[in-house]
Structure formats: C-alpha cells, structure tokens
Amino acid sequence: MIEHLTIIGVGLIGSSLALALKQQGFVKRVTGCGRTEASLQKGVELGVLDDYSLAVSEAVAGADVVVLAVPLGAMHSTMRQMAAGLDANTVVTDVGSAKASVVEDARATLGEHMTNFVPGHPIAGTERSGVEAGFATLYQDRKTILTPEADTNPQAIDVVTQMWQATGADVETMSVEHHDHVLAATSHLPHMLAFSLVSHLSKMSDQDEIFGYAAGGFRDFTRIAASDPVMWRDICLANGDALLSLIEGYKLELDHVSQAIRDNNPDALYELFRDAKHTREQLRNL
Ligand code: NAP
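Residues numbered from 1 in each chain as written. Predicted model: local features only at pLDDT ≥ 70, side-chain atom pairs only at ≥ 80, totals over all residues. Heavy atoms only, no water.

Considerations on the overall build of the protein chain
Then, number 1: Helix and strand counts for the protein chain stand at 12 helices and nine strands.
Then, number 2: Counting only C-alpha atoms and orienting by the principal axes, one finds that the protein chain spans roughly 70 × 40 × 30 Å.
Then, number 3: Burial status across the protein chain gives 42% buried among its 286 residues.
Then, number 4: Partitioning the contacts of the protein chain with sequence separation of at least 6, the portion at a separation of at least 24 is 73%.
Then, number 5: When the accessible surface of the protein chain is split by element, carbon and sulfur atoms take 52% of a total near 15100 Å².
Then, number 6: Side-chain charges of the protein chain comprise 21 positive and 37 negative groups, with the mean position of each set lying 4 Å from the other. (Helix = DSSP H or I, 4+ residues; strand = E, 2+ residues; numbered from the N terminus. Buried < 20%, exposed > 50% of the residue type's maximum accessible area, 1.4 Å probe, protein only. Contact = heavy atoms within 4.5 Å. Areas by Shrake-Rupley, 256 points an atom, 1.4 Å probe, with all protein chains shown as cover. Lys, Arg positive; Asp, Glu negative; His and termini not counted. Charge placed at Lys NZ, Arg CZ, Asp CG, Glu CD.)

Side note on unusual backbone geometry
One can expect most non-glycine residues to show negative phi and most peptide bonds to be in trans.
Then, number 1: The phi torsion at aspartate 141 lies on the positive side, around 60°, for a residue other than glycine.
Then, number 2: The phi dihedral of asparagine 264 falls on the positive side, at around 50°, and the residue is not glycine.
Then, number 3: Structurally, asparagine 264 is set in the loop between helix 11 (240-262) and helix 12 (266-282).

A short note on the sheet that holds strand 9 (residues 170-173)
Then, number 1: Strand order in the open sheet formed by three strands is 7-8-9, and the pairing between neighbours is mixed. Both edges of this open sheet fall to strand 7 (120-123) and strand 9, since each of them pairs with a single strand only. Neighbouring strand axes in the sheet, compared pairwise and without regard to direction, differ in orientation by 25° on average.
Then, number 2: Here strand 8 (residues 143-146) pairs with strand 9 via four bridges, running parallel. For lysine 143, the partnering residue across the bridge sits in strand 9 and is aspartate 170.
Then, number 3: Helix-sheet contacts for helix 6 (residues 154-166) involve strand 7, strand 8 and strand 9, and the interaxial angle to strand 8 is about 170°. (Pairing = 2+ DSSP bridges. Axes fitted to C-alpha atoms, helices over the stretch in contact; angles between N-to-C directions.)

A short note on the domain arrangement of the protein chain
Then, number 1: Looking at the protein chain, the domain boundaries give domain 1 (2-174) and domain 2 (178-281).
Then, number 2: In this structure, domain 1 and domain 2 have C-alpha centres spaced 31 Å apart.
Then, number 3: With both chains or domains summed, domain 1 and domain 2 bury close to 1200 Å², and 67% of this area falls on carbon and sulfur atoms.
Then, number 4: It is Ser97, Glu127 and Met174 in domain 1 that bury the most area against domain 2; as a group they hold 42% of the surface buried on that side.
Then, number 5: In this assembly, domain 1 and domain 2 are joined by one salt bridge.
Then, number 6: Arginine 223 serves as the salt-bridge partner of glutamate 127, at 2.7 Å between the closest nitrogen and oxygen.
Then, number 7: Scanning the region where domain 1 abuts domain 2 turns up six residue pairs in polar contact (both at pLDDT 80 or more).
Then, number 8: Contributions of two or more residues to the side of domain 1 that touches domain 2 are made by helix 5 (100-109) and strand 7. (Domains from an automatic or database assignment. Buried area = accessible area lost by both parts, 1.4 Å probe. Salt bridge = Lys/Arg side-chain N within 4 Å of Asp/Glu carboxyl O. Polar contact = N/O pair within 3.5 Å; in protein donor to acceptor, adjacent residues only side chain to side chain.)

A short note on the pairing of strand 1 (residues 2-8)
Then, number 1: Among the seven residues in strand 1, six count as buried, and that is most of the element.
Then, number 2: Pairing between strand 1 and strand 2 (residues 27-33): six bridges, direction parallel. Paired with isoleucine 2 across the strands is valine 27, a residue of strand 2.
Then, number 3: Since strand 1 and strand 2 lie parallel, the crossover through helix 1 (residues 12-23) that links them has a hand, and here it is right-handed. (Right-handed = clockwise from strand over helix to strand, strands pointing away.)

What follows is the structure in structure tokens.
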C-alpha cells in the first residue's frame, strides 16, 4: 500500500490511476499538482485527490511515490522543478507515451535520484482529456510497460509494478528502444493516419457533404483524431525517428494500392485485402 502518492498532471491518465488505486484501497493520500487550480479543485470534488499544490516542489515533499502524468514536452521542466523537493527514498515514475525522451530528461535533471526513477507507460487511454475524463477501470486487463535502466533500483521497480498491478493492469518490462519502436507502430502511426485523414478531408470544398455521409467505418477509423493535439505534437517530436520510418513504409503500401488500381489489377488488390483481413482476424483480443 502507498501512504502518500503525488500525481503531477491530473488529467485522464493521472486521475484514472488515482481513482483505481483508491477503489482498491491501495493508497491512503493522493496529492495533485498542475498549472490550473480550477481543475485541481475539481479533482478534490470528484474524489480523485485529497489535496493539491500548484508548486511542484511542495507537492512532492514527503511523497512515497510520485507519478509524472504531464505531456512529454513538459517532463523536463517538471522534473527539474521537483528534483530538489524529493525525499531520498521517494520512488518516481511517469506515464509518457514515448520513453527515450523521458529517460533523457530524467538523466539530465534527477541527479542521484535517477536510480529511483522507473519509466512507465500504461497502454490504455481514450481520446478524452482532463480530470473529468478519468475512470477507475481504465487500466483493468490492459498492459503497462516499464522500461527500467540497468542501474534502476529493483525495490523501486517492485513498488511501481505493484502499483500498476493494483489497478488491474498486467505489467511487462522491456527496453526503452523496443518500447519506442513497438509503440510507434501500434499507437503513434495510427494516430498520424487518423489525424491526416480528417485534415485531408476537411480541406475539400465539399467537406460538409462528405462528413454528412460519414458512417461506421469513418467513425471507427477517425475516433482517435479527436485526441489532444498538444499530447500528440509532443509524441511525434519525442519518437520522431521511429515514426518517420514507419510513415515511409506506409506511404509505399499506399503506393502499392494506387498502382494496383491504376493497373486495373484485381489480383494485387484482392491479395492485399485478403492478407490484411486474415491478420486483423487473428487479433481477437483487441
Ligand atoms: P491530459 O488529460 O491532457 O492531462 C495532462 C495533465 O497535465 C493536465 O492535467 C494538465 O493540467 C497537465 N499539464 C499540461 N501541460 C502541462 C505543462 N506544460 N506543465 C505542467 N502540467 C501540464 O493528458 P493525458 O491523456 O492524461 O496524458 C498525460 C500523459 O500520459 C502524457 O505524457 C501522455 O503521453 C501519456 N499517455 C496518454 C495516454 C492517452 O491515451 N491519453 C495513454 C498513455 C499515456 P493543467 O492544465 O492544470 O496543468
């Protein structure tokens, strides 16, 4: 059980974690921290937080565990502000969607506290943001990936593992590089495709009519294009190399479809669709 948990960035991910841990009786006190007092006050009203502070160094004082749940672009400055306020034994973790940039930020700011930092990423979310979007079952039966470094304190890894397990998540460990490669393919690329499809269609002169006839396929494919633009800007910049090579590969795939249509080649189209359908049908747990 965690006596005192501090969550910096009490949005969808941070508030869902607090709610899940409270529901399981795994945490006694949750302190929130963010830039906007109104949303922290809302967090108290919703039972997500017990108290809050607008000052990072004050919010982390005396905490057993600190969870960084701010956008990736805000990690470095948040870590810098909290470093001086951390107790020697405080375990620090984060939920950022890309890991190499977070580890780099931590190495640059946390000093000796780096060994108590356990990089993490819950593979769960929705397109909604803010404290009111949180719900206690978000992590139930989902994966959380931890990417500890060779010098990460094993006790800190245990604490973070048990915290996520208490939310109902299945915890896995892998290297930072592997995480960023896999997540670029399964999460970051699909978001880029959804954002760019909606952007493309919205620039067409008859966009009102096009969106007027949009049905299930369009809705399923583009739901995630309603996600927070700041968060996705930061993910693109943080995981740019992995994402760029996947975008190039995807462009070749689209070229292949274009060529098959241009060549009036039914076999090429059929084979591509048949193979993709087969692969998609194997993914039964999605
Ligand atoms: P969110 O709902 O927008 O919450 C982000 C929180 O961070 C807000 O409470 C905001 O509060 C605070 N914040 C924003 N900008 C800040 C800044 N510059 N400095 C300090 N605080 C700031 O976002 P989220 O979906 O919870 O995402 C949070 C983190 O989780 C991100 O790193 C994201 O990569 C990761 N993640 C997201 C998902 C997902 O599907 N959404 C899934 C897994 C991981 P104030 O405005 O009051 O400061």
